[in-house]
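Each chain, written out:
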Amino acid sequence: MKGTTTAGAQRLNLIPPYHSRRSTRKVQEKRRAGVDVISLGIGDPDLPTPKRIVSVLQEAAADPANHRYPSYFGLGELREAIANWYRERFNVAFDPGTEILPTLGSKDGISHVPLALVDPGDMVLAPDPGYTVYVTGAVMAGAETYTMPLKAENHWLPDLDAIPSSVAERARLMWLNYPNNPTAAVAEREFLERAVEFCRRHGIVLCHDAPYSEIAFDGYRPLSLLEIEGAKEVGLEFHSLSKTYNMTGWRIGWVCGRADLVGLIGQLKTNNDSGIFQAVQWAAIEALNGGEAETFAACEVYARRHRLVAETLNSLGWSIKPPRATFYVWAPVPPGYDSIGFASHVLDQVAVNITPGVGFGAHGEGYFRLSVTAPDARLAEAMDRLRQLKL
Ligand SMILES: Cc1ncc(COP(=O)(O)O)c(C=O)c1O
């Protein structure tokens, strides 16, 4: 007799526990023990969603027209709003009917794209350190992953020339993410052009994850992959309202790019979920149509916080510059520590939660990530605490 299954499916054994879950558990234990932990561990904006967006949600939530199953492919008005946003921001034109698909946050698109495009045994190229879902999504689809190390000496860009041709020939999909989590690096046009050319040459779908495209400082404006000539023939871009409008909890984003690829993800998703609550979609339309003032204001807050963190770390012996984009600080751990050891030391000694670099892959070892998405007073307190840290 088989009895009740107590072990999970084998494929779950292939993926490590989501790194933030492990550290969240440790932080919770400390808090239960009465310790006032300041978390700089997760990239989750502390600033609220702009009021105009919340108001549209409130009104739309009360309308029975929004209480039924939404369209699998998103409201036409939302796809139009996304197309307009791309045209204004990047001067890129999309057919909203075929080249844009709203998703339940970008994680929904990222985690599912291998199931739609990749067969077991195919190769997926993923940056390391990187957002872990590139690898776990590929593993769930039975793919093999090939690590593209990101290194300081290459400005945290993968070395495309180092990818063996045997790997490139088997690869079906490549992940890039700029502005980058966790390293806060940015990519210039020349690199993106080379990536498009590489993927075209090898028949690889280039997936660019761009949730931080609007979180940038001092006039810097990150590029969209789809601004690059020829990118739409090889590529997809994954986007999100999470970071741009402080909407991480709302779960709305999109994938856009080559129509047949977008269509395949849509085909998969009709079997996985039943779309996005329509009231959230109306709020997203309001967000996208409402201009950039709130996002610019949020970026000023992040820029100020970045300066405070850089000043603090530099006064303690680091030598870092505030980043050009993202709300992350990526810095080396002091000599004598590995990244988990240093993060534990900081948590135990001064009750500040930072993320060990190794949580983003083996090549993140030797670094830690800190997010400036804590309220000003809490971040200032965290910096005061770091000044007390004994190394
Ligand atoms: C690089 C990157 N991609 C995607 C996501 C997922 O964002 P969301 O699903 O909220 O759109 C995150 C979230 O932290 C991220 O850092």
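Relevant structure appears above.
Parameters at a glance
- Within each chain, residues carry numbers counting from 1 in the order of the written sequence.
- Confidence filtering applies because this is a predicted model: local features only for residues at pLDDT of at least 70, side-chain atom pairs given and counted only at 80 or more, and all residues used for totals across whole chains, interfaces and linings.
- With hydrogens and water set aside, each side-chain value is computed from the structure's full complement of heavy atoms.
- In DSSP terms, a helix is any run of H or I states spanning at least four residues, a strand is any run of E spanning at least two, and both are numbered starting from the N terminus.
- Polar contact is defined as a pair of N or O atoms within 3.5 Å, subject to the rule that within protein one atom must be able to donate a hydrogen and the other to accept it, and that residues adjacent in sequence are counted only when both atoms are side-chain atoms.
- When checking whether two residues touch, look at their non-hydrogen atoms; a contact exists if any pair is within 4.5 Å.
- Strand pairing is defined by DSSP finding a minimum of two bridges between the two strands.
- Fitting a line to C-alpha atoms yields each axis, with helices limited to the stretch in contact; the angle taken between N-to-C directions then spans 0 to 180 degrees.
- Type-normalised accessible area, obtained with a 1.4 Å probe on protein chains alone, sets the label of each residue: buried when under 20%, exposed when over 50%, and partly exposed for intermediate values.
- Handedness of a crossover is defined as follows: with both strands directed away from the viewer, a clockwise route from the first strand across the helix to the second makes it right-handed.
- Throughout, nonpolar core names a set of buried Ala, Val, Leu, Ile, Met, Phe, Trp, Tyr and Cys residues whose side chains join them through atoms within 4.5 Å.
- By convention in this text, a residue qualifies as near a molecule or strand provided that one of its non-hydrogen atoms is within 4 Å of it.
- Here the Shrake-Rupley method, with its probe set to 1.4 Å, supplies the accessible areas, and only the displayed protein chains count as covering residues.
- Under the scheme applied here, ten amino acids are nonpolar (Ala, Val, Leu, Ile, Met, Phe, Trp, Tyr, Cys and Pro), four are charged (Asp, Glu, Lys and Arg), and all others, including Gly, are polar.

A word on unusual backbone geometry. Glycine aside, residues mostly have negative phi angles, and peptide bonds mostly take the trans form. The residue after Asp128, namely Pro129, is reached through a cis peptide bond having omega 5°. If you trace the backbone, Pro129 turns up in the loop between strand S3 (123-128) and helix H6 (133-140). Here Asn181 and Pro182 are connected by a cis peptide whose omega angle stands at 15°. Assignment of secondary structure puts Pro182 in the loop between strand S5 (171-176) and helix H8 (189-202). One non-glycine residue with positive phi stands out, namely Trp156, at about 65°.

Looking now at the side chain of Glu99. Within the secondary structure, Glu99 is located in the loop between helix H4 (76-90) and strand S2 (100-103). A polar atom in the side chain of Glu99 sits 3.1 Å from the side chain of Lys232. With residues near it in sequence (within four places) discarded, Glu99 still touches Ala93, Phe94, Lys232, Val255, Cys256, Gly257, Ala259 and Val262.

Bringing the sheet that holds strand S7 (residues 235-240) into the picture now. The strands making up a sheet associate through backbone hydrogen bonding, with each pair oriented either parallel or antiparallel. In spatial order, the strands read S2-S8-S7-S6-S5-S3-S4; together these seven strands make up an open sheet with mixed pairing. Each end of this open sheet is capped by a strand with a single partner; those strands are S2 and strand S4 (144-149). When strand polarity is set aside, the average angle formed by the axes of neighbouring strands in this sheet is 20°. Note that strand S6 (residues 205-209) and S7 share four bridges and pair parallel. Bridge pairing in S7 links Cys207 to Leu236. Each of S2, S7 and strand S8 (253-257) is contacted by H4, which is oriented at about 110° to S2, the strand it contacts most.

A word on the pairing of S3. Within S3, six of the six residues are buried, which leaves it mostly tucked inside the rest of the structure. The two faces of S3 match: Met123, Leu125 and Pro127 on one face and Val124, Ala126 and Asp128 on the other face are all buried. Note: S3 against S4, six bridges, orientation parallel. Bridge assignment links Asp128 to a residue of S4, and that residue is Pro149. What joins S3 to S4 is H6, and the crossover it makes is right-handed.

Turning our attention to the nonpolar core. With 59 residues, the main nonpolar core has Tyr86 and Met174 as its most contacted residues. Mapped by element, the contributors of at least two residues to this core are H4, S3, helix H7 (165-170), S5, H8, helix H9 (231-234), S8 and helix H11 (278-289). Ranked by residues supplied to this core, first place goes to H4 with seven residues.

Strand order in this open sheet of three strands is S9-S12-S11, and the pairing throughout is antiparallel. Edge strands, defined here as strands with exactly one partner in the open sheet, are strand S9 (328-332) and strand S11 (355-356). For S11 and strand S12 (residues 367-371), the ladder comprises two bridges, and the chain directions are antiparallel. If you follow Thr355 over to S12, its bridge partner there is Arg369. Helix H12 (residues 293-315) contacts S9 and S12 of the sheet and is inclined by roughly 15° relative to S9.

Position of Ile215 relative to the elements: it lies in the loop between S6 and H9. Judged by its relative accessible area of 1%, Ile215 is buried. In this structure the C-alpha to C-alpha distance between Ile215 and Ala61, which are 154 residues apart in sequence, comes to 29 Å. Residues within four places of Ile215 in sequence aside, it is in contact with Lys243, Thr244, Cys299, Tyr302, Ala325, Thr326 and Phe327.

Near the ligand lie 15 residues; those nearest to it are Asp209, Tyr212, Ser240, Ser242 and Arg251. A distance of 2.6 Å separates an oxygen atom of the ligand from a polar atom in the side chain of Ser242. Protein chains bury 92% of the 400 Å² of accessible surface belonging to the ligand in isolation. A per-element tally of the shell around the ligand places helix H5 (residues 106-117) first, with three residues. Looking at the shell around the ligand, its residues break down into five nonpolar, six polar and four charged.

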